[in-house]
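For reference, the chains in residue letters:
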Amino acid sequence: MASRNNLKIGQCYCMSGRQRYGTKYSAAIPWRGGPEPLPAPPMHSSSLASPSSLSPDLAMDDAGPLENLLHGDALDFSQDDTDVEEEDDDDSDDVDEDDVTDDSDSEDGVIPRIAPWRLNLTALSQRYNMYAVAYKNKVHITRIHSCVDHIVHTRPDLVLEPPASPEALNVGGYINPQMPHQMNHLIMGDLGNEEILLLAFDDGDVIGYYNFQIEQALLRIESGDALKESTSMKPFFHQNTGISTWGLAIHAQSRLIAAGNNRNEVHLFAFALTNHETPSELLTPGEDKFHRSLRNKLETTPGVLDRDLDAQQNRRDLYHHIVFEIPEGDNIPNVAFSGDADGNADKVLAIDIRGQLWILDIWSSRCECIKGLYETYALSDQIRNPAAFTWAQLTIPRGWGVLVLPQSSFLPTNGFRDSLGLDPKEANYVYHEEYGRYIGIENAATHIKNNSSIHPWVKNGLQAEHLPHIWPHMPSSRDKWYDAVKDRRQGWNATYDSVADSSLEPAFLYQHDTDDITSKFQKASLSDGSTVMRTYETSIEFVGTDRDVGIMFANAIDQIKPREGSVQGLHFPSARLAHTIHVPELSLVVAGSMCGRVALITLTRPLDSNYSFKRGFKVEAILPLKTDEERWLRPISPLLGIAVGPIPGLTLGARRYRIIIQYYDHRILAYEVGRNNSTDELSVI
């Protein structure tokens, strides 16, 4: 049976930093590496514009892209002439800032500077036609006027300048002490009945703006009633967590904001509601007389712990600022909310850079820790083979992303391959003594169509002899999450799913050991039955529950890269799947890595109940596609951010979404994504 979920990939729209800002090859583009894009192939549809025909008036030198690559303009990863400070050997996980100047207003002829080595710094509104990008301490808001090429204009329509709080002045910068008030993360989401823009800063500030107020300001500017320079915007929310802040999450129905920081803490901001029974409005901290700041130290042993809360701890007529301290945790790059059966938030999930998943109960103070698969394997291997163990084995892939995916987001599928992207006999059936049953689907990478498994520089022989500064290399031995010999169990193999896949009588070889699953292993069991997705540097995982096995796609976005070397300004491996966006309407997760690759993941649930798993996922495509990379559309510079949003003007049920991928060198790739209502087929246009 043909899959209903395969992607159809069409033309990629690309505009390089040179094209966007109209600079010649002789002028430096910050963070630019690699040649300019090659001309687009012949178009098959007149509705799509060729990148090479969009800016015929831009000044270009006579030399071709490859000539410029090999003669004096090969790599420019520097921001300016400021020296890059060497990073201290600590747990900061991010390099020091390499530029302390601020010229991010994007005036004519000025290329805005970025704050490197942060999280996702771009976003698209789901309600309004606005694209937001964080440049150091400012946010550029831009209208996207084209539904074909999705062009992002050079000059923003509005610039937000979020102020620093008094607390932030005392906190200072974790990455760059010289310029501490720079953004680490940017997201958009609903808080109550309104969409907000939420920002996390290196000096600990967490700042929120109402998007309807940004939209009103844009309309005033467009009507001529207000000058761009005279339009100021005040945030409705401004708090501080005491140290560099990274993870951000918003819960619409319960009106909550969560933020994770580099002190192993999760800060929960629970707004006071004007009507507790019908929470339609909220009061900000500044409007609320009753402000409770509560601090709770969590231990790894689950249980109800003491904290400064009375019997009415979950009263919503008071504003709460609750701090969850996690002594055995680490820096927290991402957080997410989960809810109960009524849709009210009851837990905060946090991932730390060791890959540990922390499930924090908001009101009862329970805490669970589910270790990362890589760390669990390394520690259990130390116990099994103490003589052979070395501390270097703990240099493992780090944790970066977490999403909570409700049951309604999973697309019905027919067959094993339609659900997981490979046949049962290609999968690895793992039974680990610490984390239980998992299906490893890393072999599905060979079935991803138009996937660039080899970096184009390797394929075309452009390696160190021409380009001396290439991506850093990490040893592959660190990527083991199970032992192919030891982590097996009789009856737990592909036979069960192969029989189910053949539409024969239900298999009887394998029986779920319910007591074993529910009692022995730590599982991510949420109140509403949602599934937890956890991402590492290149791997994607569905954390197992007491009702389902785990799914692990190791090295999902991995690629053979140019041989080992060092790149100016690249002090850390750029493979980190930290940019995760859930698109419920399309049953889709978009997961971007700082290395510059983006996975499109369809959430699946097999209609046949005889399979050993109840929910799965399939990587439909990895952007840029192989054909796009061969046209040099992907630059050799890190990813600034990915943004996903509906294209305005299209009706619900037939909506198409745009995916905008922006790199450090200001190159933008744009794709269009939709799903056919009659076939549930996802297409990229």
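**Focus on the overall build of the protein chain**
- When helices and strands are counted, the protein chain shows 10 helices and 38 strands.
- Residues counted as buried form 59% of the 685 residues belonging to the protein chain.
- The contacts of the protein chain with a sequence gap of at least 6 include a subset with a gap of at least 24, amounting to 68%.
- Only carbon and sulfur atoms are counted for the fraction: they give 49% of the accessible area of the protein chain, which is about 26,500 Å².

**A word on the sheet that holds strand β8 (residues 158-160)**
- The strand order β5-β6-β7-β8 describes an open sheet built from 4 strands, whose pairing is antiparallel. The open sheet is flanked by β5 (122-124) and β8, the only strands paired with a single partner. Across the sheet, the mean angle separating the axes of adjacent strands is 20 degrees when strand polarity is ignored.
- Of the pairings in the sheet, the one linking β5 to strand β6 (residues 131-135) comprises 3 bridges and is antiparallel in character. Bridging from a neighbouring strand, T122 pairs with V133 of β6.
- Contacts from helix α4 (residues 211-223) reach β7 (138-142) and β8 within the one sheet, and its direction differs from that of β8 by about 140 degrees.

**Points about α4**
- Over its 13 residues, α4 runs 18 Å from end to end, which matches the ideal 18 Å to within 8%, given 1.5 Å per residue.
- Looking at the buried side of α4, the elements it contacts are β7, β8, β9 (183-191), β10 (194-201) and β11 (205-210).
- Two residues or fewer after α4 comes G224, characterised by a positive phi angle close to 85 degrees.

Criteria and cut-off values
- Residues numbered from 1 in each chain as written.
- Predicted model: local features only at pLDDT ≥ 70, side-chain atom pairs only at ≥ 80, totals over all residues.
- Heavy atoms only, no water.
- Helix = DSSP H or I, 4+ residues; strand = E, 2+ residues; numbered from the N terminus.
- Buried < 20%, exposed > 50% of the residue type's maximum accessible area, 1.4 Å probe, protein only.
- Contact = heavy atoms within 4.5 Å.
- Areas by Shrake-Rupley, 256 points an atom, 1.4 Å probe, with all protein chains shown as cover.
- Pairing = 2+ DSSP bridges.
- Axes fitted to C-alpha atoms, helices over the stretch in contact; angles between N-to-C directions.
- Expected span 1.5 Å × (residues − 1).

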